[in-house]
Every structure is written in C-alpha cells, then in structure tokens.
Amino acid sequence: MNKLSQIFKTGLVVVIISIFTLLIGELLVRVFLPQNKMVTWIEMHNEGFVMNQSGGTAFQEYGNRKAEYRFNEYRLRGNSVTSSNLNILTIGDSFTFGLLLNEEDTYVNILQRKADTVYPDSIQFLNAAVGGSGLADWALWLDMFGTELDVDYLIYFMNYDDVNRALSKNLFIYDENSPDSLIKSQRWKPKEFTIKLSKKGWYRWLQGNSEIANIIVKVLWKHVFFEDLTHNFNPEKSEVSIPTLDSFEIESNYSTHLANSILNKIEDWCDLNGCEFLIINTGFFENETMSIYDQNFYDWIQKNGEETEGLYFDNNECVQSNTDSSLSELKIPGDSHPNEKGAKIITDCTWEKINPILFH
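The next subject is the state of the cysteines. A complete count under the given rule lists 2 disulfides for this structure. Here Cys270 engages in a disulfide with Cys275; their sulfurs sit 2.1 Å apart. Judged by the torsion about the S-S bond (-105°), the Cys270/Cys275 disulfide is left-handed. Note on cysteine connectivity: Cys318 is disulfide-linked to Cys349, with sulfurs 2.1 Å apart. Where Cys318 bonds to Cys349 through sulfur, the torsion about that S-S bond is close to -85°, and the disulfide is left-handed. In this pair, Cys318 is assigned in helix H11 (residues 316-321) and Cys349 in helix H12 (residues 340-358), connecting sequence segments 31 residues apart.

The N-to-C vectors of helix H9 (residues 254-273) and helix H10 (residues 292-304) enclose an angle of 65°; their axes lie 9 Å apart at closest approach. The interaxial crossing formed by H9 with H10 has right-handed handedness. Touching Ser255, Thr256, Ala259, Asn260 and Leu263 of H9 are Tyr293, Asn296, Phe297 and Trp300, all from H10.

Moving on, we come to the sheet that holds strand E12 (residues 276-281). With parallel pairing, the 5 strands of this open sheet are ordered in space as E6-E5-E7-E12-E13. Here the strands that pair on one side only, and so sit at the sheet edges, are strand E6 (123-127) and strand E13 (311-313). Pairs of neighbouring strands in the sheet enclose a mean axial angle of 20°, with direction left out of account. As defined by bridge partners, E12 adjoins E13 across 3 bridges and the pair is classed as parallel. The partner of Leu278 across the bridge, within E13, is Leu311. Of the strands in this sheet, strand E5 (86-91), E6, strand E7 (153-158), E12 and E13 are in contact with H12, which crosses E7 at around 160°.

Here is what the cut-offs are and how they apply
- Residues numbered from 1 in each chain as written.
- Predicted model: local features only at pLDDT ≥ 70, side-chain atom pairs only at ≥ 80, totals over all residues.
- Heavy atoms only, no water.
- Disulfide = S-S within 2.5 Å.
- Helix = DSSP H or I, 4+ residues; strand = E, 2+ residues; numbered from the N terminus.
- Axes fitted to C-alpha atoms, helices over the stretch in contact; angles between N-to-C directions.
- Left-handed = near helix turned anticlockwise from the far one by under 90°.
- Contact = heavy atoms within 4.5 Å.
- Pairing = 2+ DSSP bridges.

This is how it looks when you write it as structure tokens:
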C-alpha cells in the first residue's frame, strides 16, 4: 500500500510540474514569441489532394485580424447548399477561399450579392476553394466530391502558384502517350493518425487557446503529419511514379503541357456532368511572385487561350488598372492575400466578364 501511495504521489508531482512547466512556457511564448492562433480546417485526402473540413467552424488570426470560417457538409465555405435555378461552383486556392477575410468580404460572396441584386433567388455561388491547393488538386477533388453537387458552371480562379504546386505535388504526371496525357501519381500522403487527430475536440481547443500549441502544430505539419512518397523526387528511392528530373528545368515545356492536360481533364469532367467550364485569373500576377513554371504557362495561355478547354478570361489588366501604384495597396499588410478592397476589385473585374456569359 505504501508503495502504491508513493507511486501515486510521484505521479502527481510529475503532473503538477508538467502543467506548471507548460504554463510557464505558454507565458514566455506569449511575451517573447507571440503567435497568430489558428484552428486548422485544411485536410489531406489519402490520395494526396487537399480539401476543407466537412462541416463545423474554424478561425485564423493575423495581427489584429481574426477571420471566422464556417463549412457545410460538402466541404464548401459558407452556408448549406440550397435549391437554385443556377449553381456556380468556384474552385481555386486561398485567394478564392478568402483567407483572412470574413465570409461577407470574400469575392465569391460579393459575387453572390451582385447576382442577388440583379437576379434575385436565381443563382447560387458555391465556394469550394482550398488554401494551398494547386491546379492538380481540383481534378481529383471534382472526381471525389463534385458529383454530389448539381453544377451548371464551374469557375476556376487561376492563381500565380497553381502550376508550381501541380508540379511539386506530383498528383499527375504528363505523358503524351497515356489517356488524357496524364498518369495519376502522388507525393504527399497523410499518416493515419493525422486524419483522426484533426477531428479531436481537445486538439482543436488547444489550437484555439494555446500559442505554444500553435508552434507545435506548425512543426508537426512540416515534419511529421505527412509522408513524402517521392523522397524529394529521388529516382532511386521514390515509391511512386515521378517525372524525369529534366522536367523541372527552366527551359522545359513539361509544366505547361501538364497544366494544359489537367485543364482538359477538368473540362472533360464538366462535359460528363453537364456544366460549362470558365477559367479566370485572379489578376494578382506579378513576375516577382510567380514561379518560372507559372510564368511560362501564363505566357502560353495569353497567346493560346482559345486552345485551352473552357473559356479563359484575364483579370490582370483590369485589377492592376484599379490601383494607384502597386498591388500592395490591395493586399493585407504583411501578407500576400487580397484585403477587402482587393477582393472587391477582383469581384468587379470578374463580374464584368462573366455577366454577359452566365446570365444572358
């Protein structure tokens, strides 16, 4: 009995010391290394593409900003899907998602309000965008989740890192001799515990309330949660198919062929599911922020837009003509994402192009 009592006392002391140490660590982080707290909402499918959580809410802080996010059962940002005469599904990265913006300030939501004013109770914009997604993610996302939605128009908001992400995520490999000119592959695979952990209430509570927990989660996301099946594109170690190393060279046209083939695949999905496919860039294309792969594809699509599947519209001139000096005035200070003014300008430029096509 004395031995058990001693074990209990020792254990209690260890717990108390551990809690005290964590509290001191939390205090030190808040004073000397304050963090922007965030409850994560992005998940990775076993096939390697990213998606929003299904249902529920999350939030993100950045300086004095705090953006609230809500999701419906279809992994879309916003309210539940309702019956509508015309459903417009928007896909894209964190710009289209509206990172660090509250729902009413995202350009998808502003487009909805414009449509409600002109065509009340007729049109529904659905925001499927996911932060960190690239072009290739959407070909897989649509196959997995898109058929659950009755889509009339699919709008892909192309951004300045989408092709680079398609290349680095290795979800597809371009091969002109294969069906669709694509071979399905993968790079990142979530470890089994990662998916389970993200749904735990205590884990999400810690993210929302502890700054030291946010540091730990960032480290876990970077080094623990996901397995690199390509072993950094090592031909000798890779567990999956990868492109040849010369595909990554600046003078190679591989990334442009890959991007165009993925767009064709998305267009095929639309044809199969009875929707029209539109491609619109965000208008935030600047040489200093673009990878060489995205720059090459942007140059190509500017010259050959009529050869791409779907209709292509360029917002670059319109967006940049609405600035007094540079795009920095349209960005959240210290960040690269559109602020409220930037989102409003993207909306106006987009509406000018899609209104004659969608609604007449």
